[in-house]
Amino acid sequence: MTQFSHTQTAHCESGVISNLFGHYGLHISEPMAFGIGAGIFFGHLPFVKVNGVPGTTYRIWPGAIFSRACKRLGVEMESHKFSNVDKAMKALDQLLDQGVPVGMQSSVYYLPYFPESYRFHFNAHNLVIYGKEGDDYLVSDPIMDTVTRIDTENLIRARFAKGFPAPKGKMYYPVNVPQEVDFREPVKAGIAQACHYMLKIPIPMFGVKGIRFLANRMKDYPSKLGDRRAALYLGNVIRMQEEIGTGGAGFRFMYAAFLQEAGTLLNRQELKDIGRELTSVGDGWRNFAFAAGRVCKARAADNMSYGELSKMLLQIADEEEKVFRRLSTVKL
Amino acid sequence: MKKDEVPQDGDNLHHGTFRQLFYAVDQSGDYTTATSIGWEPENVALSQAWDEVEQRVANTKAKVDAGDVSPIAYYMERTLLDLPLLALKAGKFQWQVKRHMKPGVFKALSDNMIARYAEIFGIPFQTLRSGELLPFKRPA
């Protein structure tokens, strides 16, 4: 039986990186993986709707943190997708026989060990399978506080859920993990990329501009959508901010934790200071969620409250912009 | 967020067992981690999302009972799917799935097609074939 050291993390993708790399002796904290992978982001996509509600994201798209972290740290991954279920399960079993823990993409809806209330059709959840016992697979799901298991049938469903993005049985595992990695250059590259994504993408829905974009739309929610749908739209903004595997203010705090770690690593007090500023931006996001939760609960919406929420977002955008502008001027 | 501010607003949505990890700062301002059993705004939003599902399921059930739509529409809502996603899963175009939501067309669907839908909805073939509407159980 393969031993796998499971550590609970806040986010699935950075968590799998941290756990999987750690298995091969490359010890990297979750915030470090998140920072090197330039995971922090914001996007509001009114045209990408799930159940009629537009999407909001507080981090970069699924898979990006992984590929960037691998590239910057010199980790070589082998990754496969499958069109055939039997082949996919056989390939998994073979790797497990060789003692290789395998990361994979899955749909939350089919994970029986998740609290039922969280099981919506979200197809980009990452987890690690590290063994098999009878009909059960042994799971290290980074969101869970301890290891768990899943039966074959549900694992197949989770690996082959259709939809967007379709996992298509995607599995991945490191084939070459360097033992000694100097994190300094990867950290610098990660910071530069995060600043670019937060500040420079010339599309209004993305980065700091995206927060303002959402703010401007939000103030018109009640008049354009009516009370019920306005509350639904707003509820989704909060859920995407806080729900497991996504955690919005959570991402701000995680990135702040990264800046603190990076500050120590590079011996730059300035990075730690910027981390503190980002912490207070995260607190701003929390205040926003708190106020938004109240508006959601009240149901009977008035333009006034949505206007207030919109102003809160604009202020958060200003502060977040300041943080990343300052970060982008740090000479590393 | 300070470590002692990490929210502990439990509610039954988490079954009291699930703890999420948060990054928060300690007394000296350094980052550490803490677990949380839940947070009020998130609980509100999550419970609102389930209210919505519940309402859609109930509305669709009424429509099936009135003979306006077929059980496919009901089970789509019950399985938290929307039309684009259901069409993807069924391997059909959206207009085809929409057609299957007409009671008359539904009755004439092949056993194969019914079996495919039943698999997607996680219900027995016979249940769907007979048009029985299994109750929706909201996570408590």
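No experiment lies behind these values; they were computed from the predicted model shown.

**Student:** Describe the overall build of chain A, naming the residues involved and giving the relevant values.
**Tutor:** If you tally the helices and strands in chain A, you get 12 helices and eight strands. The C-alpha radius of gyration of chain A comes to 20 Å, within 12% of the 20 Å expected for a compact globule of 332 residues. Considering chain A as a whole, with its 332 residues, one finds that 52% of them fall into the buried category. Counting only contacts in chain A whose residues sit at least 6 apart along the sequence, the fraction spanning at least 24 positions is 70%.

**Student:** Any details on the environment of V48(A)? Residues and values, ideally.
**Tutor:** Residues and elements named next belong to chain A. You can see V48 is positioned in strand β1 (residues 40-50). Judged by the 14 C-beta atoms lying within 10 Å of it, V48 falls in the partly exposed class. For V48, the residues in contact, after removing those within four places along its chain, are P54 and G55.

**Student:** Quick one: what's the story with the confidence of the model for chain B, residue by residue and with numbers?
**Tutor:** Looking at chain B, pLDDT values average 91 and 94% of them are 70 or higher. Reported confidences for the modelled complex are a pTM of 0.92 and an ipTM of 0.89.

**Student:** Describe the sheet that holds strand β6 (residues 136-140) of chain A, listing the residues and the values that go with them.
**Tutor:** Residues and elements named next belong to chain A. Reading across from one edge, β3-β8-β4-β5-β6-β7 is the order of the six strands in this open sheet, with antiparallel pairing throughout. Among the strands making up the open sheet, the edge pair consists of β3 (76-80) and β7 (148-151). Each neighbouring strand pair of the sheet contributes to a mean axis angle of 40 degrees, computed without reference to strand direction. Taken together, the five bridges between strand β4 (residues 102-106) and strand β5 (residues 125-133) define a ladder with antiparallel strand orientation. What sits directly across from S106, in β5, is H125.

**Student:** For the packing of helix α1 (residues 12-23) of chain A against helix α3 (residues 64-73) of chain A, give the residues involved together with the corresponding values.
**Tutor:** All names here are of chain A. Between α1 and α3, whose axes approach to 9 Å, the crossing angle comes to 35 degrees. The hand of the α1/α3 crossing is right-handed. The segment α1 lies against α3, with E13, S14 and I17 engaging I65, F66 and A69. Of the residues belonging to the contact of α1 with α3, the class tally is four nonpolar, one polar and one charged.

**Student:** Outline the environment of A249(A), listing residues and values.
**Tutor:** Residues and elements named next belong to chain A. Turning to its location among the elements, A249 is positioned in helix α10 (residues 248-265). Of the residues examined, A249 has 24 C-beta atoms within 10 Å and is grouped as buried. Sequence spacing of A249 and F114 is 135 residues, and the spatial spacing of their C-alpha atoms is 22 Å.

**Student:** So what about the interface of chain A and chain B? Which residues, and what values?
**Tutor:** Contacts between the two partners involve 38 residues from chain A, matched on the other side by 34 residues from chain B. Of all the secondary-structure elements, those providing two or more residues to the side of chain A that touches chain B are α9 (227-242), α10 and α11 (269-298) of chain A. Counting residues per element, the side of chain A that touches chain B draws most heavily on α11(A), which supplies 11 residues. Among the residues making up the side of chain A that touches chain B, the classes are represented as 16 nonpolar, 12 polar and 10 charged.

**Student:** Could you give an account of the packing of helix α1 (residues 40-65) of chain B against helix α2 (residues 71-78) of chain B, with specific residues and numbers?
**Tutor:** Helix-helix packing: each pair is described by the crossing angle between the helix axes and the interaxial distance. All names here are of chain B. Closest axis-to-axis distance for the α1/α2 pair is 9 Å, and the angle between their directions is 170 degrees. Overall, the two elements α1 and α2 adopt an arrangement that is roughly antiparallel. Each of R56, V57, T60, K61, K63 and V64 in α1 lies in contact with α2, whose residues at this interface are P71, A73, Y74, E77 and R78. Here the residues of the contact of α1 with α2 are counted per class, giving five nonpolar, one polar and five charged.

**Student:** Got a sec to walk through helix α5 (residues 152-159) of chain A? Specific residues and values, please.
**Tutor:** Turning to α5(A), its buried residues are L155(A), R157(A), A158(A) and R159(A). Structurally, α5(A) contributes buried residues whose contacts are with α4 (85-97), β4, β6 and β7 of chain A.

About the cut-offs
Chains are numbered independently. Their residues run from 1 in the order of the written sequence. Chain letters and ligand numbers both follow the written order, the letters beginning at A and the numbers at 1. Thresholds applied to this predicted model are a pLDDT of at least 70 for local features of residues and 80 or more for the giving and counting of side-chain atom pairs; totals over whole chains, interfaces and linings are not thresholded and use all residues. Counting from the N terminus, the helices are DSSP H or I runs at least four residues long and the strands are E runs at least two residues long. Restricting the calculation to C-alpha atoms gives the radius of gyration, and the globule rule supplies 2.2 Å times the number of residues raised to the power 0.38. Our exposure labels follow a C-beta count within 10 Å of each residue's own C-beta, placed from the backbone: buried means 20 or more other C-beta atoms, exposed means 12 or fewer, and partly exposed covers the counts in between. Contact between residues is assigned whenever the C-beta positions, reconstructed from backbone atoms, fall within 7 Å. Scored from 0 to 100, pLDDT reflects the predictor's confidence in each residue. Two strands are counted as paired when DSSP detects at least two bridges linking them. The convention used is that axes are lines fitted to C-alpha atoms, helices contributing only their stretch in contact, and that angles between N-to-C directions extend from 0 to 180 degrees. A clockwise turn of the near helix away from the far one marks a right-handed crossing, whereas an anticlockwise turn of less than a right angle marks a left-handed crossing. Gly is placed with the polar residues, together with every amino acid not listed as nonpolar (Ala, Val, Leu, Ile, Met, Phe, Trp, Tyr, Cys and Pro) or charged (Asp, Glu, Lys and Arg). Roughly parallel here means an angle under 35 degrees, roughly antiparallel means over 145, roughly perpendicular means 65 to 115, and every remaining angle is called oblique.

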